Amino acid sequence: MLVPILGSQNDLPFFWVASADCNSLTAAMAMGLPRLVATAFTLLLVAVLPLPISFAGEITSIESVPDLHKLMYVAVDGYPCVRLLNLSGEIGCSNPGLSKVVAPIIRLKDVKDLAEPHTILVVSSDLSFASNIGGVLVESGTSFQQKLKGLSPDKMFPQAEFSPYANVEYKWNPAASSIMWKAYNFPVYLLSESGITTVQEFLSKKEMKHKPYTSDVAEFNMVMETTKAGTHNSEACLQEGTCLPLGGYSVWSSLPPINVLSSNNRKPVVLTVASMDSASFFRDKSFGADSPISGLVALLGAVDALSRVDGFSNLKKQLVFLVLTGETWGYLGSRRFLHELDLHSDAVAGLSDTPIETVLEIGSVGKGLSGGMNTFFAHKTRVSSATNMTLDALKIAQDSLAAKDVKIVSADTTNPGIPPSSLMAFMKKNPLTSAVVLEDFDTKFVNKFYHSHLDDLSNINSSSVVAAASVVARTLYILASDSKDTSNSALGSINVNASFVEELLACLLSCEPGLLSCDLVKDYIAPTNTCPGNYAGVILGEPSSKPYLAYVGDVSRFLWNFLADKTSLQKGNTTSVCSKGVCTKTGEVCIKAESSKEGTCVVSTTRYVPAYSTRLKYDDGAWTILPQNTSDSMGMVDPIWTESNWDTIKVHVYTVQHSVYDNAVLVAGATATTLAYIGILVAKSFITKALKQD
């Protein structure tokens, strides 16, 4: 409990704050009458005499209780580490108890022996935590990227339990620390740029006016519902309703649209796959620039280029584009997509009865540029005619590019198999899958910030993404046309718009312009978040191929609208208008309904596919875990990831007085009061005697 006490310095009023020990009777009393008295006194003071106070350049006068609150408690912007759960336990961070954590701030370099819980202020290269820690504030920024040799909180072999081959000890990720897979019973908070400034200004001001009887503290309000309820695994928290499953909505689209009313003359499918979700130690700082967003943007750049080519209806193969979410957490998107194909559900209508001839996945392609050449490595699932056809198409596409700055190289044959990717789910489902994943690495990740908050826009090269998009676009046309003629005029006309790729990278990987200010995104949807968040998130409500759009993330909604537009027959030349987001003609979908009062109807085969664990079932408003099925090898090792519910996450910094000083003031005040009372009695007695004598 903090009680404002009026004082003065340099003729300007200021505030000290007194802190009561939570283990003492004073703390219990502070929750009652003293708080009411202090608040009433402060309100009266503010009402009668506005106090001109300057703090951190924000508040110039106190004219209300909220102004007083902002002055005393400085809010700190940043990104939390939150509590995640699986069948076997917990990972991530949480306040240890049921209430806020308040602890003095100290820099890690100043730590010696901690006698009581402290808030440790660390830089992102500090990976070790002492046992006696109240909370952790992390400073970070682009300057740290140059200093660090590598910082990946993931494992050496990410999601090795889903590997289709036996060598799960292989080190794909040499910069791994595995810290994101551990549980921390204290809050950890990554400071944003403004948060760093706030804390540094707060500490510097207090250092200049340092008083030995005060401490600068951080207050963490990061209480997780699973901690409060004592539900420490996914099964328990789902039963009690204190968590939600990780997941979201994947999107797929076909070029040209598929006639879902007829199964005649279905063409073999060339499936192109990318992922939209990433992860990091900090929930909302999961940009994943190289892994996997560079691959996603390369796919969208290729789709944009192919949308300007006519005659796809006359080609021999059907192109299908699939963007998955939840891949970081047990390949939720790919496993659910394959499961929906088995079920022949509405989410894959028009696709479930069509054979998938080959799969091309676009993985990490943002760091392919080296020495003026963009080099990408083709990792294949197995030797087959379909796989060789894809490899040949990649080589032909490489040779067709006039700039000759793209090189496709087959991955090292000594690799144990394909790297961690969505193809692992395809291979576990069907070991005979013919597929290739395109990456910017050969034997190990070149992204030294894999699944780190430092894998941001500055970690990739846009020209590498443009080059990957160019070779993918032409490869897909070659596969669809089933032609190896490099002199084909249509092939030469397929060119990726570099400006489009660069704009899309900025939209999806930075807060400036961010989703709310990105014209490319706003042309299709009304974003709800300023900064893009590529964390998968949780799945809300009942999963559906036609979900309630408020439950669908910004990126998924944008992808659905963008792909529906680019793969449509009309491609913007239609005058058909949506009424309340609904189109009446068969095969039509309504696009851009969010960004304008009336959307546009186009003919397109574009679908949402719910992405969540195949071992979960939603029934009557609740989630239940299905029994293990021995025929589902991936379900047998599925961790079933969930995220704890939480009401609010806030961090404040402020100054408190030591309890010893408070007690000394109390004793001094009581002594002064006693002496004053005795003085009054003595004076009264003396005056009475003097009056009697008179």
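Per an unreviewed UniProt entry, the protein goes by Nicastrin and derives from Thlaspi arvense. In its Sequence similarities (unreviewed entry) section, the UniProt entry covering the protein states "Belongs to the nicastrin family." Recorded in UniProt for the protein, the comment headed Subcellular location (unreviewed entry) runs: "Membrane".

Enquirer: Could you give an account of the sheet that holds strand β27 (residues 642-644), naming the residues involved and the relevant values?
Expert: The strand order across the open sheet built from five strands is β10-β6-β5-β27-β13, with neighbouring strands paired in mixed fashion. Strands at the two margins of the open sheet, each flanked by one partner only, are β10 (183-184) and β13 (243-245). As defined by bridge partners, strand β5 (residues 83-86) adjoins strand β6 (residues 89-93) across four bridges and the pair is classed as antiparallel. Bridging from a neighbouring strand, Arg-83 pairs with Gly-92 of β6.

Enquirer: Go over the state of the cysteines with me, naming the residues and quoting the values.
Expert: Counted according to the given criterion, the structure contains six disulfides. Here Cys-578 connects covalently by a disulfide to Cys-590, the sulfurs 2.1 Å from one another. Across the S-S bond linking Cys-578 and Cys-590, the dihedral sits near 120 degrees, which makes this disulfide right-handed. Taken as a pair, Cys-578 in the loop between α17 (554-566) and β22 (588-591) and Cys-590 in strand β22 lie far apart in primary sequence, twelve residues in all.

Enquirer: Tell me about the pattern of salt bridges, residues and numbers included.
Expert: One pass over the structure, following the stated rule, counts 14 salt bridges. Of the charged contacts, one joins Lys-100 and Glu-219 as a salt bridge, the two residues approaching to 3.7 Å between their closest N and O atoms. Of the two residues, Lys-100 sits in the loop between β6 and β7 (101-107) while Glu-219 sits in strand β12 (residues 214-221), which places them 119 residues apart along the sequence. Exposure remark for Lys-100: the relative accessible area of 45% places this residue in the partly exposed category. A salt bridge links Asp-638 to Arg-335; the shortest N-O distance between them is 2.9 Å. One end of the pair, Asp-638, is in the loop between α18 (633-636) and β27; the other, Arg-335, is in helix α9 (residues 332-343), with 303 residues separating them in the sequence. Its relative accessible area of 4% is what places Arg-335 among the buried residues. Three or more residues are tied together by salt bridges with common partners; here these are Arg-283, Asp-284 and Glu-643.

Enquirer: Residue-level account of the packing of helix α12 (residues 462-481) against helix α14 (residues 498-509), with values.
Expert: Between α12 and α14, the least distance of the axes is 10 Å, while the angle of their chain directions is 125 degrees. By the angle class used here, α12 and α14 are oblique. The handedness of the crossing between α12 and α14 comes out as right-handed. Along the contact surface, α12 presents Ser-462, Val-465 and Val-466, while α14 presents Ala-498, Val-501, Glu-502 and Leu-505. Looking at the contact of α12 with α14 residue by residue, the class counts come to five nonpolar, one polar and one charged.

Parameters at a glance
- Residues numbered from 1 in each chain as written.
- Predicted model: local features only at pLDDT ≥ 70, side-chain atom pairs only at ≥ 80, totals over all residues.
- Heavy atoms only, no water.
- UniProt positions renumbered as here; feature names shortened; annotations may be inferred.
- Pairing = 2+ DSSP bridges.
- Helix = DSSP H or I, 4+ residues; strand = E, 2+ residues; numbered from the N terminus.
- Disulfide = S-S within 2.5 Å.
- Salt bridge = Lys/Arg side-chain N within 4 Å of Asp/Glu carboxyl O.
- Buried < 20%, exposed > 50% of the residue type's maximum accessible area, 1.4 Å probe, protein only.
- Axes fitted to C-alpha atoms, helices over the stretch in contact; angles between N-to-C directions.
- Parallel < 35°, antiparallel > 145°, perpendicular 65-115°, else oblique.
- Left-handed = near helix turned anticlockwise from the far one by under 90°.
- Contact = heavy atoms within 4.5 Å.
- Nonpolar A, V, L, I, M, F, W, Y, C, P; charged D, E, K, R; others polar.

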